[in-house]
Amino acid sequence: MSKTIELAQHLEKLHTNNMYKSDFYWTWDKTDEELDAIFTVADALRDLRERNKSTRIFDSGLGISIFRDNSTRTRFSFASACNLLGLTVQDLDEKKSQIAHGETVRETANMVSFMADVIGIRDDMFIGEGHKYQKTFMDAVKEGYRDGILEQQPTLVNLQCDVDHPTQAMADMLHIIHQFGGVENLKGKKLAMTWAYSPSYGKPLSVPQGVIGLMTRFGMDVVLAHPEGYDVMPEVEEIARKNAQATGGSYRKVATMEEAFDGADIVYPKSWAPFAAMEERTKLYQAGDQKGIDELEKKLLAQNANFKNWSCTEEMMKRTKDGKALYLHCLPADITGLSCPEGEVDNSVFDRYLVPLYKEASFKPYIIAAMIMMSKVKDPVSALMAMDAGKARKAF
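All figures in this text were calculated on a predicted structure; none of them were measured in a lab.

1. Observations concerning the layout of surface pockets
The space that makes up the largest pocket amounts to roughly 520 Å³. Lining the largest pocket are 27 residues; nearest its centre among them are Asn70, Arg122, Pro204, Leu331 and Pro332. Broken down by class, the residue content of the lining of the largest pocket amounts to eight nonpolar, ten polar and nine charged. Here the second largest pocket is characterised by a volume of approximately 360 Å³. Residue lining of the second largest pocket: 16 residues in total, with Asp36, Phe39, Ile177, Val183 and Phe218 positioned closest to the centre. Elements supplying a minimum of two residues to the lining of the second largest pocket: helix H1 (3–12), helix H2 (32–50) and helix H6 (166–179). Ranked by residues supplied to the lining of the second largest pocket, first place goes to H2 with seven residues. Looking at the lining of the second largest pocket residue by residue, the classes come out as seven nonpolar, four polar and five charged.

The following block contains the structure:
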């Protein structure tokens with residue numbers, strides 16, 4: 001029996017009917033079994049790919065990608081996921097569209113969705129705006145489908161907003177599951193999500209928020225650490241607390257990187273901007289106050305410089321469990337002595353974990369493909385079994 005058949009049999013036991021024709025905004029919108037389904041299908045698709053089996057569930061159709069912020073890994077992961085399933089990707093470049101001429105979000109949404117099966121959107125830079133844009137876009141698509149403009153309703157995959165980065169957090173989680181030999185081995189493991197120094201400013205909060213909003217669902221002891229003033233959204237912290245209470249794990253905040261790293265099984269040192277500062281930047285952006293934005297940037301860079309000791313050094317790693325914690329990062333990292341003079345992580349630490357880091361990133365295309373498949377295929381169990389019994393992807 002192939003691994004894919006075993007995974008399909010597990011999938012059959014899960015309650016996933018609500019995933020069909022649904023969007024994927026935040027991980028905390030999904031049930032435990034629905035998250036399990038995404039991990040299961042991602043592993044099955046990877047197994048099929050490794051065995052050179054065709055996984056094309058579409059013979060035509062578009063995956064529309066809308067990146068309102070720069071991206072390497074997520075952009076190519078979305079394109080890879082769509083192609084894996086048989087979709088062609090079309091990137092919406094707002095500079096080349098009619099948006100500059102006053103085209104509304106409602107109009108854009110309908111015009112690009114005539115033959116689209118999935119819409120992937122990244123809009124992460126402005127607090128209060130990213131999720132709102134995704135919701136406005138998809139509400140317009142749903143309205144177009146109801147009005148008979150669109151023959152079918154595309155599904156959304158959140159490729160990062162101001163609140164959550166679900167494809168990243170779930171790729172991170174699947175990497176952790178594989179590294180520790182299964183979900184059943186994660187209970188009681190300590191995960192440190194810590195702020196780290198960066199010589200740049202304005203990094204989104206959605207990665208640390210995505211991590212604490214998801215990892216607390218697996219019975220782990222999740223610790224958030226950051227300098228004073230670098231808070232994340234309080235509503236996401238409340239989600240983390242409730243998750244921990246429900247799963248027998250824990251969620252707490254500490255004031256130092258050292259305390260977070262002490263005895264940790266997993267560390268995730270990553271820079272982000274203070275929530276209050278990001279709120280302020282959004283207001284300046286809405287007012288068109290570029291001078292105010294420039295002044296805020298100078299202020300925050302100076303503030304960051306006060307915490308250069310918040311770095312994942314060799315000495316810091318020695319504090320972790322047996323000095324061998326699993327190091328995670330969404331990439332690209334600010335690497336001391338390589339990409340910058342001082343940054344989030346020592347070059348020697350980063351280089352030692354390079355292979356696992358790349359493996360961590362490699363789960364993202366399969367996570368995205370699983371999100372698409374669970375939304376677009378009514379009977380994913382039968383689909384996986386058909387793929388397993390189907391033709392090879394290549395002629396050789």
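2. Observations regarding the nonpolar core
Across soluble globular proteins, nonpolar side chains show a tendency to be buried alongside one another. If you look at the biggest cluster of nonpolar residues, it comprises 124 residues, and the most contacted ones within it are Leu45, Phe137 and Met173. Leaving out residues up to four positions away in the same chain, Phe137 has contacts with Ile66, Val105, Thr108, Ala109, Val112, Ile119 and Ile121. Ranked by size, the runner-up nonpolar core spans six residues in total, among them Tyr201, Leu284, Leu296 and Leu300.

3. Concerning the sheet that holds strand S2 (residues 88–91)
Spatially, S2-S1-S3-S4 is the arrangement adopted by the four strands of the open sheet, whose pairing is parallel. On the outer flanks of this sheet lie S2 and strand S4 (155–161), each paired with one strand and no other. Going from strand to strand, the sheet's axes swing by 20° on average, the running direction of each strand aside. As judged from the six bridges shared by strand S1 (residues 62–67) and strand S3 (residues 116–123), these two strands associate in the parallel manner. Across the sheet, residue Ser65 finds its bridge partner in S3, namely Gly120. The strands touched by helix H3 (residues 73–85) are S1, S2, S3 and S4; relative to S1, the strand with the most contacts, the crossing angle is about 175°.

4. Details of the packing of aromatic side chains
Applying the stated criterion across every chain, the model contains nine aromatic pairs. Measuring from centroid to centroid gives 3.9 Å for Phe126 and Tyr285, while their planes differ by 15°, and the two rings are stacked. Residue Phe126 is found in the loop between S3 and helix H5 (130–146), and its partner Tyr285 is found in helix H10 (residues 275–286); the two are separated by 159 residues along the sequence. The exposure class of Tyr285 is partly exposed, given its relative accessible area of 43%. Geometrically, the ring pair formed by Tyr327 and Tyr353 is tilted, given 5.8 Å between the ring centres and 50° between the ring planes. Residue Tyr327 is found in strand S9 (residues 326–327), and its partner Tyr353 is found in the loop between helix H13 (347–352) and helix H14 (354–362); the two are separated by 26 residues along the sequence. Of the residues examined, Tyr327 reaches a relative accessible area of 0% and is grouped as buried. Each member of the aromatic cluster is reached from another via a ring pair, and the members are Trp195, Tyr230, Phe307 and Trp310.

5. Notes on the sheet that holds strand S5 (residues 190–194)
One open sheet holds the five strands; their spatial order is S7-S6-S5-S8-S9, and the pairing between them is parallel. Lying at the two open borders of the sheet, with one neighbouring strand each, are strand S7 (250–254) and S9. As defined by bridge partners, S5 adjoins strand S8 (residues 266–269) across four bridges and the pair is classed as parallel. From the neighbouring strand, Ala192 faces S8, where its bridge partner is Val267.

6. What to know about empty space enclosed by the protein
Overall, the coordinates contain two cavities of 30 Å³ or more when judged by the stated rule. A volume near 60 Å³ is recorded for the largest cavity. Together, Met19, Ser22, Asp23, Phe24, Lys30, Ile38, Thr155, Leu156, Val157, Met371, Met374 and Ser375 line the largest cavity. Where the lining of the largest cavity is concerned, the elements lending two or more residues are S4 and helix H15 (364–376). For the lining of the largest cavity, a count of residues per class yields seven nonpolar, three polar and two charged. Estimates place the volume of the second largest cavity at around 40 Å³.

Reading the values: rules and limits
Residues numbered from 1 in each chain as written. Predicted model: local features only at pLDDT ≥ 70, side-chain atom pairs only at ≥ 80, totals over all residues. Heavy atoms only, no water. 1 Å grid on protein atoms, 1.4 Å probe; cavity = no way out; pocket = protein on both sides within 12 Å on 5 of 7 lines; lining within 4 Å. Points joined across faces, edges and corners; volume = space filled by probe spheres on them. Nonpolar A, V, L, I, M, F, W, Y, C, P; charged D, E, K, R; others polar. Helix = DSSP H or I, 4+ residues; strand = E, 2+ residues; numbered from the N terminus. Core = buried A, V, L, I, M, F, W, Y, C linked by side-chain atoms within 4.5 Å. Buried < 20%, exposed > 50% of the residue type's maximum accessible area, 1.4 Å probe, protein only. Contact = heavy atoms within 4.5 Å. Pairing = 2+ DSSP bridges. Axes fitted to C-alpha atoms, helices over the stretch in contact; angles between N-to-C directions. Phe/Tyr/Trp six-rings, centres within 6.5 Å; stacked < 30°, edge-to-face > 60°.

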